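Residue-level structural notes
Okay, here's what each chain looks like letter by letter:
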Amino acid sequence: MENPTATILLKQGRDKPVRQRHPWVFSGAIDRLKGRPAPGDLVVVADHKGAPLATAYYNEKSQIQARILSWNTDEAIDEAYWRGRLQRAIAGRSMMLADCRPSPTDPLTTDPLTTACRLVNAEADGLPGLVVDRYGDYLVVQCLTLGIDRRKEMLAKLLADMLRPAGILERSDVDVRGKEGLKPVVGSLYGTPPPAELVIRENGFSFVVDVHHGHKTGFYLDQRDNRAAVGQPATMAGRDVLNVFAYTGAFGVYAAAAGARSVVQVDSSAAVLETAEINMKLNGYERPMDEYIAGDAFEVLRYFRETGRQFDAVILDPPKFAHNHGQIDRATRGYKDLNWLALRLLRPDGVLATFSCSGLISADLFQKVVFGAAVDAGRDVQIARHLGQAADHPVLLAFPESAYLKGLLCRVL
Ligand code: SAH
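Everything in this summary refers to the structure shown in the same document. All of these numbers come straight from a predicted model, not from anything done at the bench.

Conventions we followed
Residues numbered from 1 in each chain as written. Predicted model: local features only at pLDDT ≥ 70, side-chain atom pairs only at ≥ 80, totals over all residues. Heavy atoms only, no water. Core = buried A, V, L, I, M, F, W, Y, C linked by side-chain atoms within 4.5 Å. Buried < 20%, exposed > 50% of the residue type's maximum accessible area, 1.4 Å probe, protein only. Helix = DSSP H or I, 4+ residues; strand = E, 2+ residues; numbered from the N terminus. Domains from an automatic or database assignment. Contact = heavy atoms within 4.5 Å. Near = heavy atom within 4 Å. Polar contact = N/O pair within 3.5 Å; in protein donor to acceptor, adjacent residues only side chain to side chain. Nonpolar A, V, L, I, M, F, W, Y, C, P; charged D, E, K, R; others polar. Expected span 1.5 Å × (residues − 1). Arc of directions from axis to C-beta. Salt bridge = Lys/Arg side-chain N within 4 Å of Asp/Glu carboxyl O. Phe/Tyr/Trp six-rings, centres within 6.5 Å; stacked < 30°, edge-to-face > 60°.

Comments concerning the nonpolar core
Judged by nonpolar contacts, the single largest core of 38 residues is most densely connected at Tyr135, Phe207, Phe219, Val230, Met236, Ile315 and Phe355. Elements that contribute at least two residues to this core include exactly β9 (138-143), β12 (198-202), β13 (205-209), α5 (224-230), α7 (250-257), β17 (311-316) and β18 (346-356). Take this core: its biggest share by element is six residues, from α7. Split by domain, the residues of this core number at least three in each of domain 2 (79-198) and domain 3 (220-412). Among all residues touching Ile315, those that are not within four sequence positions of it are Val230, Met236, Val241, Leu242, Asn243, Val244, Phe251, Ala353 and Phe355. Phe304, Val314, Leu346 and Leu408 belong to the second largest nonpolar core, which has 34 residues in total.

Take a look at the structure:
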């Protein structure tokens with residue numbers, strides 16, 4: 001069992017977020033430290049008078065100097081604690097994902113419609129800095145903080161024990177680790193490494209996933225529910241569909257299955273489009289009318305506009321445009337341009353499914369940006385549905401930062 005090696009005393013008046021169970025303690029809120037904790041050590045977080053509020057792990061290199069593990073300072077942070085937290089997160093997935101039931105009593109099930117999902121969503125699951133995604137028989141783990149990095153072997157052992165995966169791969173090759181003073185790490189944490197091409201199922205569709213090199217942990221699991229919402233016959237049947245920022249073509253597969261007449265997929269990476277084509281074939285769509293265009297989305301959309309090409313449905317799922325507060329203005333201009341271009345390509349009574357995964361751009365602001373684009377494009381736009389991240393990427397009320405993906409499914413008159 002680990003014991004706290006120091007106490008962090010907060011400045012007067014800076015204890016409210018901690019009392020409201022926000023898990024982050026910023027350096028600016030700290031008055032002083034009693035003790036000299038090593039990086040990653042457990043610390044007690046206390047108010048300015050010294051009354052203990054929570055137990056956290058510590059990293060002086062990070063702006064977020066402590067991340068809270070428990071608000072009960074009597075609770076031991078031992079293996080049973082970590083096991084309990086993992087179990088609680090995993091058990092919750094059966095509610096979030098009707099067909100993917102990876103619970104401690106029902107480990108990796110065979111042959112469900114959906115075999116890939118997020119099992120642990122970091123802070124939002126009470127496990128700050130830890131992401132665990134399941135891809136069939138394999139787990140892919142991201143350690144985003146030093147506190148988690150230091151404990152990853154123990155966490156991998158617990159996960160192996162609970163879920164009996166064939167292997168656990170670490171994909172900690174993410175930029176945010178730099179803020180914690182950590183370098184990117186990729187490697188096996190347990191068992192056999194996953195194959196280069198893993199086939200997963202999502203809502204009954206099959207997808208090839210490269211968990212070793214793919215974006216995030218291999219697949220955009222956070223878009224699962226939106227793919228199902230957008231990929232309906234009502235929105236896709238008989239339509240010419242443009243899937244922009246296609247990655248490995250997941251929205252395209254749903255569109256084809258929902259009866260799209262043609263699917264044009266655009267991405268700046270030719271390599272991911274090859275996988276998109278494979279994924280379309282894997283699901284039975286090898287059709288002459290479907291196209292794969294490698295190029296910059298803005299340029300391709302402009303080219304379509306100049307050449308008078310039109311579509312009945314456009315899906316826009318760009319990468320994160322705003323990485324910090326200073327980029328918000330530029331990002332909103334980017335989103336506006338993109339949505340304006342898409343609106344100009346739509347035939348009357350078209351469909352626009354538009355997304356932003358920038359956590360710094362609120363759903364409100366995003367809606368305003370799309371409104372601005374509609375005004376400039378001279379189109380009347382109805383919102384049919386507000387969209388967000390899939391249910392296995394829960395948002396913790398006490399931690400609104402866990403909400404990052406927002407989208408609008410629109411009818412464009
Ligand atoms: N919709 C996808 C995920 C998209 S991720 C899915 O459901 O799986 C964003 C994608 O945008 C990445 O594949 C990236 O290669 C691509 N991308 C980034 N910048 C781009 C640009 N300027 N033009 C076209 N594609 C771009």
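Description of the site of the ligand
The environment of the ligand is made up of 14 residues, and the closest members are Arg227, Asp267, Asp296, Ala297 and Asp317. Asp317 places a polar side-chain atom, nitrogen or oxygen, 2.7 Å from a nitrogen atom of the ligand. Class assignment of the residues belonging to the shell around the ligand gives a composition of seven nonpolar, three polar and four charged.

Describing the environment of Leu130
With respect to the secondary-structure elements, Leu130 resides in strand β8 (residues 130-135). With a relative accessible area of 1%, Leu130 lands in the buried category. Note: C-alpha distance between Leu130 and Glu180 (50 residues apart in sequence) is 14 Å. Beyond its immediate chain neighbours, meaning those up to four positions away, Leu130 contacts Leu86, Val120, Asn121, Ala122, Val141, Gln142, Ile148 and Leu155.

Topic: helix α8 (residues 270-282)
Between its terminal C-alpha atoms α8 stretches 18 Å, which fits the 18 Å expected from 13 residues at 1.5 Å a residue. For α8, the set of buried residues is Val272, Leu273, Thr275, Ala276, Asn279 and Met280. For α8, the buried positions fall inside an angular range of 155° around the axis, keeping them on one side. Across α8 from its buried face, at more than 90 degrees, point the exposed residues Ala271 and Glu274. Here the buried face of α8 lies against β13, α7, β15 (262-267) and β16 (291-294). Capping the start of α8 is the job of one residue whose side-chain oxygen sits 3.3 Å from the backbone nitrogen of Ala271: Ser269. Immediately beyond the C-terminal end of α8, within one or two residues, lies Gly284, with a positive phi of roughly 95°.

Some thoughts on the pattern of salt bridges
This model, assessed by the stated rule, comprises 27 salt bridges. For Arg150, the salt bridge is made with Asp41, and the minimal N-O distance between the two is 2.7 Å. Of this pair, Arg150 sits in the loop between α3 (146-149) and α4 (152-163) while Asp41 sits in the loop between β3 (30-34) and β4 (42-46), and the two are 109 residues apart along the sequence. Each of Glu2, Asp41, Arg150 and Arg151 takes part in salt bridges that share partners, so that together they form one network.

Concerning the packing of aromatic side chains
The full count for this structure, using the stated rule, is 13 aromatic pairs. Measuring from centroid to centroid gives 5.7 Å for Phe251 and Phe355, while their planes differ by 35°, and the two rings are tilted. Linking Phe251 in helix α7 with Phe355 in strand β18, this pair joins segments that are 104 residues apart in sequence. Among the residues examined, Phe251 registers a relative accessible area of 5% and is labelled buried. A residue is classified by how much of its surface remains accessible, and Phe355, at 0% relative accessible area, is buried. Seen from their ring centres, Phe321 and Tyr335 are 4.6 Å apart, and the 35° between their planes marks the pair as tilted. Pair noted here: Phe321 is in the loop between β17 and α10 (328-345) and Tyr335 is in helix α10, with a separation of 14 residues, a long-range link.

Interpretation in functional terms is not warranted from these geometric data alone.
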